[in-house]
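Given next are the chains, with one letter for each unit.
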Amino acid sequence: MASDSNMDREMILADFQACTGIDNIAEAITLLELNNWDLVAAINGVIPQENGILQSFSSEASQTGPYGPHSQSEATAPTPSAPPPSASESASASASSSSSPPSSSSPAFCPVQPSRHIVERQSRMLSFRVEYRQRSIEVVLEDASTVGEIKTILETELQVPVSKMQLKGWKSGDVSDSTVLRSLHLPKNNSLYVLTPDIAPSASTSQSSAQQGLSNQNYLLVISHREAQRDYSLNFPASKTIQEVKRNISDLTNIPVRHQQWDGWPASATDDSMTLAISGISYPCHHLTVCRRSSPALTVDQTDECTDVHMVSDSEGDDFEDAPEFGVDESEIFGMGSSSCRKSPMMPENSENEGDALLHFTAEFSRRYGDCHPVFYIGSLEAASQEAFYGKARDRKLLAIYLHNDESVLSNVFCSQMMCADSIVSYLSQNFITWAWDVTKEANKARLLTMCTRHFGSVVAQTIRTYKTDQFPLLLIVMGKRTSNEVLNVIQGNTTVDELMMRLMGAMEIFTAQQQEDIKDEDEREAREMVKREQDEAYRVSLEADRKKREAQEREEAEQVRQERIRKEQEEEREAIRLSLEQALPPEPKEEGGEPISKLRIRTPSGEFLERRFLGTCKLQVLFDFVASKGYPSDEFKLLTTFPRRNITQLDPAWNLVEAKLFPQETLFLEAKE
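Note that the coordinates shown come from a computational prediction; the quantities given were computed from them, not determined experimentally. (Residues numbered from 1 in each chain as written. Predicted model: local features only at pLDDT ≥ 70, side-chain atom pairs only at ≥ 80, totals over all residues. Heavy atoms only, no water.)

## Quick notes on empty space enclosed by the protein
Reasoning step 1: The final tally for this structure, using the stated rule, is three cavities of 30 Å³ or more.
Reasoning step 2: Looking at the largest cavity, its volume works out to about 50 Å³.
Reasoning step 3: Lining the largest cavity, in full, are A388, F389, A393, R396, K397, G480, F511, Q514, Q515 and D518.
Reasoning step 4: Where the lining of the largest cavity is concerned, the elements lending two or more residues are α12 (381–389) and α17 (497–584).
Reasoning step 5: With four residues, the top contributor of residues to the lining of the largest cavity is α17. (1 Å grid on protein atoms, 1.4 Å probe; cavity = no way out; pocket = protein on both sides within 12 Å on 5 of 7 lines; lining within 4 Å. Points joined across faces, edges and corners; volume = space filled by probe spheres on them. Helix = DSSP H or I, 4+ residues; strand = E, 2+ residues; numbered from the N terminus.)

Encoded structure:
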């Protein structure tokens, strides 16, 4: 029975490989096991449901496949179901699957939803070409590095102390050593130069230093256009680069930079990123000549060094039709000559780091086709997706995935004429995050398929697998959506600049409509959040005001209690003083006594009268103590006579009543002091 089961599975495996074209036995067995060795389900899961059209990866589709919402690596053992089919059932299933398209109800591999967790943004790699006198140093750093780290590297290379080094050429002006490169928003490739005013130049660098002294001057370039037989006299600042001059001439002559052939540049002008000040041209005037480079297809020689063919226009393609009559092989026309003339690979095989592989890809692409090409994102596919799809809706972009294959005869034409066209480069740079990969090597292709399966689902991976070598290169246009990613278009290598631009613009229209909806939703969400924040702030302010009001009320009540306590203490103290004065007063004398007596009548501020008899020999202090014992101390009230008006409290307390003329009787009144 075990042998029969093994035979059945071998037949299913053979049928599955015959139907799907998957030669890798391990991969085929894995796919069959995921479908419990159901041949029809496995075939339907691998072959796309609609040939050549990638459907939107909706959240509903992501719940139907054998992987569910998880990646293939997270799939567990298949759910037990019916036993494996017999040989006859397998044969009939194979026949039915090969003769009829899969039904809509058949299970299919569903795209894996990208993780909703936002991953940490990876650093970009920035390249700096630093000129110092007659030396040129290449420095590659992450954008998280600082300007000071560049100087430290240059100190080792140039043997120049950092303290005596001035790094110039920043577009934002002078920057400090602590400035982070990411904050400067630099492009991938940059040109800088070092000044050392405190270090005297050697004889070999005196001419270069003299040219640096002209960095603030203007150069007059007299440029002759051969075909038009016309001269242009143009003024350029010394800070202009050779590349910028060539682009300006491209606008005047309609000759793309990659097709320009120049005469007159000095031998020291080896890099288009060099400024005119350090290029070695004559000051203040220099003569140059420019013309359109002739088509290499008309001058191909079997014995010459192999070069890339840059086709100028579609009309020039007619010249290639008769190429065999001139003894030129078609593979040589498209840069695919003998093995001795093969270029170095666009991307190393089995590179551990995706960023390093893409750095190599970008450098090789620039070497083959020139510096005028899209800015390829340096980093993993996941990081590129993160850069394009996540963030504020206004900042999102489409993701363009360029897949290169050196084995395709279309690669050189597509790269030189499509990917390097000024209009395409400008449009991609403004509206897309462009990520590239080389699938020439099988290991790199397998790695790409794994990445696509992880981020976009098995349908995308299988679609890429179905394209033949001569259909490459491919340009996949991917749009990020709320819950999934959608491939809007797959552009093959056999296209024209106009068609490529139309398809890019069509994808951009779809993306713009979606982006406007996302912006509207994001604005509404931010408005709601703003209202909530304002309400929270108003509530917080209200609580703060209530707290302050409560604290002020508590302080006021505490102050009232304190004042009341002080008032009571003062009253108690005054009452004690009054009682002590009252007890200390001498007794009131009787009228029939033999001693002289003075009768005093005192009117209080309330209108009441105080009457008492005093001995004529009593001191004024006794009178003051009597008044104070009634609640009118002399430090608060004045004791006055009626007529003439006299202030008794100002008299000497040691005087007696007779001396004070308050004898034998007197009417006085009390008045509060001011």
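This is not the end of the story, as more comes after the structure.
## Points about unusual backbone geometry
Reasoning step 1: Along the chain, Y283 connects to P284 via a cis peptide bond; the corresponding omega equals 10°.
Reasoning step 2: Mapping P284 onto the fold places it in the loop between α8 (276–279) and β8 (285–292).
Reasoning step 3: Of note, the amide linkage connecting F472 to P473 takes the cis form, showing an omega dihedral of 0°.
Reasoning step 4: Mapped onto the elements, P473 comes out in the loop between α16 (458–466) and β11 (474–480).
Reasoning step 5: Phi at W37 takes a positive value of approximately 60°, unusual for a residue other than glycine.

## Here we look at the sheet that holds strand β9 (residues 398–404)
Reasoning step 1: Taken in spatial order, the four strands of this open sheet run β10-β9-β11-β12, and their pairing is mixed. Unpaired on one side and paired on the other, β10 (432–438) and β12 (485–491) mark the two borders of the sheet. Taking each pair of neighbouring strands and ignoring which way they run, the sheet shows an average axis angle of 20°.
Reasoning step 2: Pairing analysis gives seven bridges linking β9 to β10, with the strands arranged parallel. Bridge pairing links H404 to D438 in β10. (Pairing = 2+ DSSP bridges. Axes fitted to C-alpha atoms, helices over the stretch in contact; angles between N-to-C directions.)

## Observations regarding the pairing of strand β7 (residues 260–263)
Reasoning step 1: Covered by surrounding structure in β7 are Q260 and W262 only, the residues Q261 and D263 on the alternate face being uncovered.
Reasoning step 2: Inspection of the sheet shows β7 paired to β8 by four bridges, in the antiparallel sense. When the bridges of β8 are listed, Q260 appears paired with R292. (Buried < 20%, exposed > 50% of the residue type's maximum accessible area, 1.4 Å probe, protein only.)

## Describing the nonpolar core
Reasoning step 1: F365, L399, W435 and L504 are the most contacted members of the largest nonpolar core, which has 62 residues in total.
Reasoning step 2: If we skip the residues at most four places from it in the chain, L504 touches I424, Y427, L428, F432, L475, I477 and I491.
Reasoning step 3: One finds L610, C618, Y632 and L657 within the second-largest nonpolar core, a separate group that totals 21 residues. (Core = buried A, V, L, I, M, F, W, Y, C linked by side-chain atoms within 4.5 Å. Contact = heavy atoms within 4.5 Å.)

## Things to note about the confidence of the model for the protein chain
Reasoning step 1: Here the protein chain averages 77 in pLDDT, and 78% of its residues register 70 or above.
Reasoning step 2: Below pLDDT 50 for its whole length, residues 48–121 participates in 106 contacts with residues either more than four positions away or in separate chains.
Reasoning step 3: Low pLDDT (under 50) marks residues 203–212, which in the prediction has 15 contacts with non-local residues, meaning those over four places away or in another chain. (pLDDT = per-residue confidence, 0-100.)

## Some thoughts on the packing of aromatic side chains
Reasoning step 1: Under the criterion given, the structure shown has 13 aromatic pairs.
Reasoning step 2: Taken together, a centroid distance of 5.4 Å and an interplanar angle of 85° make the contact between F361 and F376 edge-to-face. Placement of the pair is F361 in helix α11 (residues 354–369) and F376 in the loop between α11 and α12, with a sequence separation of 15 residues. F376 matches F361 in its accessibility class, with the two residues each being buried.
Reasoning step 3: What links up through ring pairs into an aromatic cluster is the set F361, F365, Y369, F376, Y402 and F414.
Reasoning step 4: A cation sits over an aromatic face here: R601 above F609, 3.9 Å from the ring centre.
Reasoning step 5: Over the aromatic face of F614 sits the side chain of R612, whose NZ or CZ is 4.8 Å from the ring centroid. (Phe/Tyr/Trp six-rings, centres within 6.5 Å; stacked < 30°, edge-to-face > 60°. Lys NZ or Arg CZ within 6 Å of the ring centre and 35° of its normal.)

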